[in-house]
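Chain by chain, the residues:
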Amino acid sequence: MKTATNTIASLLAACIWADGEFEEVERVTADEIAEAFEIPTKDFQKYMTAAIVEVQHLTPEAATTYAVKHAEKVDPEEAGEVYQALMQMMLCDGVLTAGEVYNLLAFAEALDIDRESAVLMLCDLVKNEPELEVSFENDDNE
């Protein structure tokens, strides 16, 4: 990957920030993403830990600024792959909420992925994850 490892970790941490905790399912997902990007797991775990510390006390506005700042560092040729990783992290809990859709579209915009492509990528992911629950209830991110 041309995109720096710490940039990817920072973006994943921004996804986790919305949840508030770096839970086991998110740790496993981070390791899977590192493996897919051919990043040594031990190295990636160090970057993830540092990024989680950076985001843990951010306000929603500061978290958005943080995510946009790091999204701008993603190699344009890798934006789609990084967006897929962000979707994977955001949905690793098995539930897709309106707030997560909002956040994913914000990530797509920051990565310079047009809204239509981002929605289609999300639809493709949902189609291929039959166990994924779609929740229409309000959540904290709306």
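Whatever comes next refers back to the structure up there.
S.K.: Teacher, can you tell me more about helix α4 (residues 60–71) here?
M.R.: Between its first and last C-alpha, α4 extends 16 Å over 12 residues, near the 16 Å set by a 1.5 Å rise per residue. Burial in α4 covers these residues: A63, Y66, A67, H70 and A71. Down the axis, α4 shows its buried residues gathered within 130° of arc, on one side only. Within α4, the exposed residues directed more than 90 degrees away from the buried face are E61 and T65. Next to the buried residues of α4 lie α1 (5–17), α3 (41–55) and α6 (98–110).

S.K.: Teacher, can you tell me more about the layout of surface pockets here?
M.R.: A water-sized probe rolled over the atoms picks out the places where empty space is left. Within this model, the second largest pocket holds a volume of roughly 230 Å³. As for the second largest pocket, its lining consists of T29, E32, M87, Q88, L91, C92, G94, L125, N128, E129, E131 and L132. At the level of secondary structure, the elements contributing two or more residues to the lining of the second largest pocket comprise α2 (24–36) and α5 (79–90). Taken together, the residues that form the lining of the second largest pocket break down as 5 nonpolar, 4 polar and 3 charged.

Scoring rules and cut-offs
- Residues numbered from 1 in each chain as written.
- Predicted model: local features only at pLDDT ≥ 70, side-chain atom pairs only at ≥ 80, totals over all residues.
- Heavy atoms only, no water.
- Helix = DSSP H or I, 4+ residues; strand = E, 2+ residues; numbered from the N terminus.
- Expected span 1.5 Å × (residues − 1).
- Buried < 20%, exposed > 50% of the residue type's maximum accessible area, 1.4 Å probe, protein only.
- Arc of directions from axis to C-beta.
- Contact = heavy atoms within 4.5 Å.
- 1 Å grid on protein atoms, 1.4 Å probe; cavity = no way out; pocket = protein on both sides within 12 Å on 5 of 7 lines; lining within 4 Å.
- Points joined across faces, edges and corners; volume = space filled by probe spheres on them.
- Nonpolar A, V, L, I, M, F, W, Y, C, P; charged D, E, K, R; others polar.

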